[in-house]
Amino acid sequence: MEEKRRCFSLSRNKFLQHWCVILFISSLAILPLTQPFNYGKALSKSLLYFESQRSGRLPYNQRVTWRHHSGLTDGLEQGVDLVGGYYDAGDNVKFGLPMAFTITMLSWGVIEYGDEISSAGEYSHALEAIKWGTDYFIKAHTHPNVLWVEVGDGDTDHYCWQRPEDMTTSRQAYKVDEKNPGSDVAGETAAAMAAASIVFRKTNPHYSHLLLQHAEQLFEFGDKFRGKYDESVRVVKGYYPSVSGFKDELLWAALWLYKATDKEDYLSYALEKANEFGGITWAITEFSWDVKFPALQIIASMLLTEENHREMGFKLVFEQYRSKAEYYLCACLNKNNGSNVNRTPAGLLYIRQWNNMQYVSNAAFLLTVYSDYLRASNQRLRCDRGKVGPEEVLLFARSQADYILGANPMGMSYLVGYGSRYPQRMHHRGASIESYRENKGFIGCTQGYDYWYPRNYPNPNVVVGALVGGPDHMDRFSDDRKNFMQTEACTYNTASLVGVLAKLHGVEEEDGYLNTPLLASS
């Protein structure tokens, strides 16, 4: 505390005083200063990751050359073309709900930070990553009230350690329809296509219009035939169950459709059903592929400043949305009197043991977007422990990104391929087995598990841009292929990080203050 007082006494400039706060914000653990990170390079690598996860026939400009065509008969047994899309993680199943969330977050990142992504020379790659997903969703939405939501079976897939190019496991496809509803997955897919339609509005207006048609149909289907998709597609229960239900996805989809169409009906839906569907009653400290409440609350609260909405008679509802959004943001900043998000001793947000980095990247993105909103509207975040300015919000988001990139006790970059030290033994079938380019011989399930899975050597293929599950609650990390809780990566981990890295790259180019190394804090 004495050093803190001395810092303030020497720093009469408010900006320098702000840095005193940052320097001494941690009473539990302070890390050494790190060299400034190259956010542009990290952004490039994060977008490259999605090419490693592609299913289907790979294009001529595929940059990840250790991958090859796979899943070319997906949907054949059901008489539908389901070739394409993404494998969600280190396995070979295509799960519709997390895939749709991935595309929603990638699209949101481009909507907010398209200029920054362009300045890094990555705009075309960002659009390609989104379109690889939306092209698949168009195929999967075969009828206004039919959506194919899974290809492959998690149980049989997990008994097998095979490259996707060699798959011998079931490629059974599963759908939701009028008799077997799935409002959550329909809502999230509608949100993804609506958000993507905004992205493609200028560069490909015809495609944008097509996406919007699908989005509106899917929202109507999800709203009219309500039900959880894991009750209709029971094989997904052990992998991506809809614990939060479908009401958050319907509100989320309505807000994205409003942003894409400007149709007041969608906004009215989100306002009129705000109480019934939990939008203004649930105060949540987690944003994930399953739980959308904090993000939809943030989107709704940011609409409050738009003049035309004040005349709708819903100002109180907007304020309630804002209150819940602030609860989440303040919880991340450790500024609530009640529940806050736990942190590791070195300052990483910590929700749970399994794949914690997804929550970190999601939180960092929401904080980044809201910091821009606060700056643009000349406001401060209202927390129990005082008001917080946009700079402090962004700095905390940056601390989470910096931890990911190497400012942590392990000195480890959890973004694979970035920096000099990163996980070498990702839990990833394709990465851990000699590539198809090097060895076109068939590698079966047993051979994969007996020879490739237990090897202690680094993976022969590097999944550049993958954000792994990350360290435990004490900042410890074990780089072991069997340690799937920490070494498996998912598309939705990296998707949110893209927007954060783009913002930081833009600020770094434009304003020198981010070049000052930031201390990780608890």
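Residues numbered from 1 in each chain as written. Predicted model: local features only at pLDDT ≥ 70, side-chain atom pairs only at ≥ 80, totals over all residues. Heavy atoms only, no water.

## Quick notes on the overall build of the protein
When its secondary structure is counted, the protein shows 19 helices and five strands. The long-range fraction of contacts in the protein, counting pairs at least 24 apart against all pairs at least 6 apart in sequence, stands at 74%. Total accessible area on the protein is roughly 20,000 Å²; 50% of this is exposed by carbon and sulfur atoms. (Helix = DSSP H or I, 4+ residues; strand = E, 2+ residues; numbered from the N terminus. Contact = heavy atoms within 4.5 Å. Areas by Shrake-Rupley, 256 points an atom, 1.4 Å probe, with all protein chains shown as cover.)

## With respect to the state of the cysteines
All told, the structure shown has two disulfides when counted by the stated rule. Residue pairing for Cys-160: its cysteine sulfur links by disulfide to Cys-445, the two sulfurs lying 1.6 Å apart. Sign of the S-S torsion, about -85° for the bond between Cys-160 and Cys-445, identifies this disulfide as left-handed. Of the two residues, Cys-160 sits in the loop between helix H6 (154-158) and strand E3 (173-176) while Cys-445 sits in helix H17 (residues 445-452), which places them 285 residues apart along the sequence. Residue classification places Cys-445 among the partly exposed residues on the basis of a relative accessible area of 23%. (Disulfide = S-S within 2.5 Å. Buried < 20%, exposed > 50% of the residue type's maximum accessible area, 1.4 Å probe, protein only.)

## What about the packing of aromatic side chains?
Taken as a whole and assessed by the stated rule, the structure comprises 28 aromatic pairs. Between the aromatic rings of Phe-219 and Tyr-269, the centroid separation amounts to 5.0 Å while the plane-to-plane angle is 75°, which identifies the pairing as edge-to-face. Highlighted residues: Phe-219 in helix H8 (residues 205-224) and Tyr-269 in helix H11 (residues 264-272), separated in sequence by 50 residues. There is no split in this pair, since Phe-219 and Tyr-269 are both buried. Taken together, the aromatic side chains of Phe-101, Trp-108, Trp-252, Trp-256, Phe-287 and Phe-365 make up a single cluster linked through ring pairs. Lying across the ring of Trp-132, Arg-54 places its NZ or CZ 4.5 Å from the centre. (Phe/Tyr/Trp six-rings, centres within 6.5 Å; stacked < 30°, edge-to-face > 60°. Lys NZ or Arg CZ within 6 Å of the ring centre and 35° of its normal.)

## Let's talk about the packing of helix H13 (residues 315-332) against helix H14 (residues 357-376)
In contact at an axis separation of 10 Å, H13 and H14 are set at 120° when each is read in the N-to-C sense. When the interaxial angle is binned, H13 and H14 end up oblique. Crossing hand, H13 versus H14: left-handed. Contact with H13, carried on its side by Arg-322, Glu-326, Tyr-328, Leu-329 and Cys-332, involves Asn-362, Ala-363, Leu-366, Leu-367 and Tyr-370 of H14 and no other residues of that element. A class-by-class count of the residues in the contact of H13 with H14 yields seven nonpolar, one polar and two charged. (Axes fitted to C-alpha atoms, helices over the stretch in contact; angles between N-to-C directions. Parallel < 35°, antiparallel > 145°, perpendicular 65-115°, else oblique. Left-handed = near helix turned anticlockwise from the far one by under 90°. Nonpolar A, V, L, I, M, F, W, Y, C, P; charged D, E, K, R; others polar.)

## Regarding H14
With 20 residues, H14 extends 29 Å between its outermost C-alpha atoms, agreeing within 8% with the 28 Å of an ideal straight helix rising 1.5 Å per residue. Phi turns positive one or two residues past the end of H14, at Asn-378, with a value near 55°. (Expected span 1.5 Å × (residues − 1).)

## Some thoughts on the UniProt feature "active site" (unreviewed entry) in the protein
UniProt feature "active site" (unreviewed entry): in the numbering of this structure it lies at His-427. Relative to the helices and strands, His-427 resides in the loop between helix H15 (390-405) and helix H16 (429-432). Those residues within four positions of His-427 in sequence are excluded, and the remaining contacts are Gly-90, Trp-161, Tyr-453, Arg-481, Phe-484, Thr-487 and Glu-488. Polar contacts involving the side chain of His-427 include one to the main-chain carbonyl oxygen of Arg-481, which spans 2.7 Å. (UniProt positions renumbered as here; feature names shortened; annotations may be inferred. Polar contact = N/O pair within 3.5 Å; in protein donor to acceptor, adjacent residues only side chain to side chain.)

## A word on a negative patch on the surface
Together, Asp-262, Glu-264, Asp-265 and Glu-272 make up a region of like negative charge exposed at the surface. Assignment of secondary structure puts Asp-265 in helix H11. Since its relative accessible area comes to 63%, Asp-265 is described here as exposed. (Patch = residues over 30% accessible without salt bridge, like charges linked within 9 Å, V, L, I, M, F, W, Y side chains within 5 Å. Salt bridge = Lys/Arg side-chain N within 4 Å of Asp/Glu carboxyl O. Lys, Arg positive; Asp, Glu negative; His and termini not counted. Charge placed at Lys NZ, Arg CZ, Asp CG, Glu CD.)

## Topic: the environment of Thr-102
With respect to the helices and strands, Thr-102 occurs in helix H4 (residues 96-119). Given the relative accessible area of 1%, Thr-102 is considered buried. A sequence separation of 187 residues divides Thr-102 from Trp-289, and the C-alpha atoms of the two residues are 7.9 Å apart. The residues contacting Thr-102, other than those within four sequence positions of it, are Phe-50, Thr-491, Tyr-492 and Ala-495. For Thr-102, the side chain forms a polar contact with the main-chain oxygen of Pro-98, separated by 2.9 Å.

## Focus on unusual backbone geometry
Look at Asp-262: it is not a glycine, yet its phi comes out positive at around 65°. You will see that Asn-378, though not glycine, has its phi angle at about 55°, which is positive. Take Asn-378: its relative accessible area is 72%, and that puts it in the exposed class.

## Digging into the pattern of salt bridges
Under the counting rule described, the total for this entry stands at 26 salt bridges. For Lys-292, the salt bridge identified is with Glu-188, shortest N-O distance 2.6 Å. Taken together, the residues span a long stretch of sequence, with Lys-292 in the loop between H11 and helix H12 (293-302) and Glu-188 in helix H7 (residues 183-199) at a distance of 104 residues. In the salt-bridge network here, residues are joined through shared partners; they are Glu-319, Arg-322, Glu-326 and Arg-382.

## Some words on the environment of Asp-135
With respect to the helices and strands, Asp-135 occurs in helix H5 (residues 123-140). The class of Asp-135 is partly exposed, set by a relative accessible area of 29%. Among the polar contacts made by the side chain of Asp-135, one reaches the side chain of Tyr-207 at a distance of 2.6 Å.

## Considerations on the sheet that holds E3
Pairing between sheet strands relies on hydrogen bonds along the backbone, with the strands arranged either parallel or antiparallel. Pairing is antiparallel across the open sheet formed by three strands, whose spatial order is E1-E2-E3. Both edges of this open sheet fall to strand E1 (94-95) and E3, since each of them pairs with a single strand only. Summarising the sheet, E1 and strand E2 (residues 147-151) pair through two bridges and their orientation is antiparallel. Bridge assignment links Lys-94 to a residue of E2, and that residue is Val-151. (Pairing = 2+ DSSP bridges.)

## Here we look at the packing of H7 against H8
One way to put it is that H7 packs onto H8 with a least axis distance of 8 Å and a crossing angle of 160°. The angle between H7 and H8 falls in the class roughly antiparallel. Read as a crossing pair, H7 and H8 show a hand that is left-handed. Across from Ser-183, Ala-186, Thr-189, Ala-190, Met-193, Ala-194, Ala-196 and Ser-197 in H7, the residues of H8 making contact are Ser-208, Leu-211, Leu-212, His-214, Ala-215, Leu-218, Phe-219, Phe-221 and Gly-222. The residue makeup of the contact of H7 with H8, split by class, is 11 nonpolar, six polar and no charged.

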